[in-house]
Amino acid sequence: MAAPLRGRLRALAAALGGCGLLLGSALAAGDERLYAAAMPALRALPPEAAHGLALRFAALGLLPPARPDGPALEVRVLGHRFCNPVGLAAGFDKHGEAMDGLYKMGFGFVEIGTVTPKPQEGNPRPRVFRLEEDEAVINRYGFNSHGHAAVERRLRARQDAQLRLTRVGMPLGINLGKNKSSTDAAADYVAGVQTLGPLADYLVVNVSSPNTPGLRDLQGKAQLQDLLTKVLAARDALPCAHKPAVLVKISPDLTTQDKQDIASVVCELGVDGLIVSNTTVSRPSSLQSRQRSEPGGLSGKPLRELSTQTIRDMYSLTRGQVPIIGVGGVSSGQDALEKIRAGASLVQMYTALVYHGPPVVRAVKQELEELLKEQGFRNVMEAVGADHQS
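Okay, so let's go over this structure. All of these numbers come straight from a predicted model, not from anything done at the bench.

Turning our attention to the overall build of the protein. For the protein, the count of helices and strands is 14 helices and 13 strands. Within the protein, buried positions represent 57% of all 390 residues. When contacts within the protein are restricted to residue pairs at least 6 apart in sequence, those whose partners lie at least 24 apart make up 73%.

Within the open sheet, the three strands sit side by side as β5-β6-β11. Their pairing is antiparallel. Two strands lie at the open edges of the sheet, namely β5 (128-131) and β11 (297-300), each paired on one side alone. Sheet twist, expressed as the mean angle between neighbouring strand axes with direction ignored, is 20°. Note: strand β6 (residues 136-139) against β11, four bridges, orientation antiparallel. Across the sheet, the residue bridging to I138 is L298, located in β11.

This part is about the environment of S264. Mapped onto the elements of the fold, S264 is located in helix α9 (residues 256-269). Each C-alpha atom of the pair S264 and L317 lies 8.2 Å from the other, and the pair is 53 residues apart in sequence.

In summary, soluble globular proteins display a tendency toward joint burial of nonpolar side chains. In this structure, F107, L155, I174, Y189 and L274 are the most contacted members of the largest nonpolar core, which totals 97 residues. Non-local contacts of I174, meaning those with residues more than four positions away in its chain, are made with E111, I112, V115, L155, L196, L199, A200, Y202, L203 and V204. Counting residues in each nonpolar core, the second largest holds seven residues, with M39, A50, L53 and F57 among its members.

On to helix α8 (residues 221-236). In this model, α8 (16 residues) spans 22 Å end to end at C-alpha, consistent with the 22 Å of a helix rising 1.5 Å per residue. Here α8 has its buried residues at L224, L227, L228, V231, L232, A234 and R235. Along the axis of α8, the buried residues cluster in a sector spanning 155°; they form a single face. Its buried side turned inward, α8 meets α7 (185-196), β8 (202-206), β9 (245-250) and α9.

Okay, the side chain of S331 next. Relative to the elements of secondary structure, S331 occurs in the loop between β12 (324-327) and α11 (333-342). Not counting residues within four places of it along the chain, the set of residues in contact with S331 comprises K301, A352, V360 and V364.

Take the side chain of K249 next. Secondary-structure assignment places K249 in strand β9. Although buried, K249 forms no salt bridge, and the nearest oppositely charged side chain, E111, lies 4.9 Å from it. Apart from residues lying up to four places away in sequence, K249 is in contact with N175, V204, V205, N206, V207, S208, I275, S277 and N278.

In this section: the packing of aromatic side chains. A complete count under the given rule lists three aromatic pairs for this structure. Between F82 and F109 the ring centres are 5.3 Å apart and the planes differ by 85°, which places this aromatic pair in the edge-to-face class. Remark: F109 occurs in strand β4 (residues 109-115) and F82 occurs in strand β2 (residues 80-82); sequence separation between them is 27 residues. F109 carries the same exposure label as F82, and that label is buried. Judged by centre distance (6.3 Å) and plane angle (65°), the rings of F109 and Y202 are edge-to-face. Here Y202 lies in strand β8 and F109 lies in strand β4, a separation of 93 residues in the sequence. Accessibility classification places F109 together with Y202 in one group, the buried group. Chaining the aromatic ring pairs together yields one cluster made of F82, F109 and Y202.

All right, on to helix α3 (residues 47-59) then. Over its 13 residues, α3 extends 18 Å from the first C-alpha to the last, a length consistent with the 18 Å expected when each residue adds 1.5 Å. The set of residues buried in α3 consists of E48, A50, H51, L53, A54, L55, F57 and A58. At the exit of α3 stands G61, carrying a positive phi of roughly 75°.

Here the focus is the sheet that holds β8. Reading around the barrel, the eight strands line up as β3-β4-β7-β8-β9-β10-β12-β13 and close back on themselves, with parallel pairing between neighbours. Strand-to-strand twist across the sheet, computed as the mean angle between neighbouring axes with direction ignored, equals 25°. Pairing between β9 and strand β10 (residues 273-276): four bridges, direction parallel. Its bridge partner being in β10, I250 is matched across the sheet by V276. Where α8 meets the sheet, it contacts β8 and β9, and its direction lies at approximately 155° from that of β9.

Procedures and definitions
Residues numbered from 1 in each chain as written. Predicted model: local features only at pLDDT ≥ 70, side-chain atom pairs only at ≥ 80, totals over all residues. Heavy atoms only, no water. Helix = DSSP H or I, 4+ residues; strand = E, 2+ residues; numbered from the N terminus. Buried < 20%, exposed > 50% of the residue type's maximum accessible area, 1.4 Å probe, protein only. Contact = heavy atoms within 4.5 Å. Pairing = 2+ DSSP bridges. Axes fitted to C-alpha atoms, helices over the stretch in contact; angles between N-to-C directions. Core = buried A, V, L, I, M, F, W, Y, C linked by side-chain atoms within 4.5 Å. Expected span 1.5 Å × (residues − 1). Arc of directions from axis to C-beta. Lys, Arg positive; Asp, Glu negative; His and termini not counted. Salt bridge = Lys/Arg side-chain N within 4 Å of Asp/Glu carboxyl O. Phe/Tyr/Trp six-rings, centres within 6.5 Å; stacked < 30°, edge-to-face > 60°.

As structure tokens, this is what we get:
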């Protein structure tokens, strides 16, 4: 075993004990069977502790290296090339601590955050719950964040590395939020644009988390128009040569009128894209887990159909003119292709990692590539919005 890897394993063992060393060795070996054998140990931990452990693995580079992507998976959108359309959703690396390791897993892009202007603890623990029977998670983290200054320092320390990654098709997104105590939401988002915008390939205005009181009210037409007008002006005023795209992350729990209003605002103002969708506060009757009644946002398999329908609706309402990143319940290539055919140019995953670990990234991409060929598409971009074509 190479000396640098031995050093990282020792650091992990010191921080996390024998369990960390066992899991780290499995990951470093790059053997998916070893990882599958180690997964029960990870899931035996409380969810938030397991999340922290997984993030530590990524930060130390203890993850199996990804294989190169085929040309059929390449996507050009949002002013960038993406080597594949499968990204990591916000919420996993909230503070920008593990990006380089996460790219190694094979993601075509990584989105960090949500980041708030000032550091805040978020909601009291416990605040994340596995619904194992449903392959789902309920979280009520509440934008726990290290704040703009800490995240900016981390991003600047690796700015050259990210520029290289972006050039080879692995852009970086930064998800922005507001502090719970803030009385001026627009000022919080503008501060995020000004501080973190020069370090991002795209920025996300997150107005759809169900765990910050009043946040979803910002999806109302007048509030959203005012907020996005200010955010776009701040983006346009950035001193950097390559200005980040601005996307809005929306809820899957919107009414028909809400969706129409959001589409109208986004098209009128020239917003660069949508992320569809955040977690849901609904609870499908199919849920089996005893944790199903916990307050918070539900993600994972039970969100898949609702998210995909919201993608379909927003693609239609924007006439396919606004790029969409689809997220919610993606755990297979079939799930990814459903969202792409519904109108998503890119997709993201998170909860699938909880249940299947890093190997799921390669599995999704491999199945997606096979399905594209089977269905007569030469590449991902040909499949975007295919369900809408007569």
